[in-house]
Amino acid sequence: MINFRYIIEVVLSTAAGIPAFPTVLDINQIREILPHRFPFLLVDKVVEYTPGVSAVAIKNVTINDNFFPGHFPERPIMPGVLMVEAMAQVGGIVMLQPEVGGSKDNFFFAGIDKVRFRKPVIAGDTLVMRMKLVKLQRRFGIAKMEGKAYVGGEIVCEGEFLMAMGS
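Conventions and cut-offs
- Residues numbered from 1 in each chain as written.
- Predicted model: local features only at pLDDT ≥ 70, side-chain atom pairs only at ≥ 80, totals over all residues.
- Heavy atoms only, no water.
- Salt bridge = Lys/Arg side-chain N within 4 Å of Asp/Glu carboxyl O.
- Helix = DSSP H or I, 4+ residues; strand = E, 2+ residues; numbered from the N terminus.
- Buried < 20%, exposed > 50% of the residue type's maximum accessible area, 1.4 Å probe, protein only.
- pLDDT = per-residue confidence, 0-100.
- Pairing = 2+ DSSP bridges.
- Lys, Arg positive; Asp, Glu negative; His and termini not counted.
- Polar contact = N/O pair within 3.5 Å; in protein donor to acceptor, adjacent residues only side chain to side chain.
- Contact = heavy atoms within 4.5 Å.

- An unreviewed UniProt entry lists the protein under the name 3-hydroxyacyl-[acyl-carrier-protein] dehydratase, with Ceratopteris richardii given as the organism.

Following this line, the structure appears as structure tokens:
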């Protein structure tokens, strides 16, 4: 379970000039794991991580993100498909680890189910994403994951992800 009270305290303490909680994986470590690059790398840092089990990561949503000028200029909101992609990238961080039965190659969508968008995500929001492995079929290279994304402690997006390992 994500401790949002703690995360809010950290955000407030950071604004007051007090250092934030330690980053488990920074952007350079994320780039070593994921093949994505700008403008499609949608994970800024990982704050909780258990390889092969789960991860909690952050995407800082800013007005400078390249999707805002076209979605929608008069009311810029983060596209739902990019929230799903960001969550899938967090799933990739969980599973692209050979030492826990994952792959060092690539991970691809095999399906997404029960995806729901609860609230819009706008510039200035911090998208906190949690991906958890539910089932891994090593023989077929298929992983089923559960994902939830939050802003300010409220769920903004959730769904089930089916991913395939491969090259």
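**Considering the pattern of salt bridges**
- Using the criterion set out here, one finds six salt bridges in the structure.
- Between Lys114 and Glu160 there is a salt bridge, with the nearest N and O atoms lying 3.6 Å from each other. Linking Lys114 in strand 3 (residues 106-117) with Glu160 in strand 6 (residues 154-166), this pair joins segments that are 46 residues apart in sequence.
- Its salt-bridge partner being Lys144, residue Glu160 comes within 3.9 Å of it at the nearest N-O pair. On the criterion of sequence distance, the pair formed by Glu160 in strand 6 and Lys144 in strand 5 (residues 142-151) is long-range, its members being 16 residues apart.
- By relative accessible area, Glu160 is classed as buried at 18%.

**With respect to the confidence of the model for the protein**
- Chain-level statistics for the protein give a pLDDT mean of 86 and a share of 81% at 70 or above.
- Highest mean pLDDT in the protein belongs to strand 5 (96); lowest belongs to helix 1 (residues 4-15) (59).

**Observations regarding unusual backbone geometry**
- Residues Phe38 and Pro39 are joined by a peptide bond in cis, for which omega reads 5°.
- Its location among the elements puts Pro39 in the loop between helix 2 (27-33) and strand 1 (45-50).
- Here His71 and Phe72 are connected by a cis peptide whose omega angle stands at -15°.
- By secondary structure assignment, the location of Phe72 is in the loop between strand 2 (54-60) and helix 3 (80-95).
- One non-glycine residue, Lys114, lies in positive phi territory at about 55°.

**Concerning the pairing of strand 6**
- Most of strand 6 sits out of view: 10 of its 13 residues are buried.
- Inspection of the sheet shows strand 3 paired to strand 6 by nine bridges, in the antiparallel sense. Paired with Arg116 across the two strands is Glu158, which belongs to strand 6.

**Here's the deal with the side chain of Asp125**
- For Asp125, the location among the structural elements is in the loop between strand 3 and strand 4 (126-137).
- For the buried Asp125, no salt bridge is present, and the opposite-charge side chain at shortest range is Arg75, 9.2 Å distant.
- Within polar-contact distance, the side chain of Asp125 engages the backbone nitrogen of Ile122 at 2.9 Å.
- Residues within four places of Asp125 in sequence aside, it is in contact with Lys59, Asn60, Val61, Pro120 and Val151.

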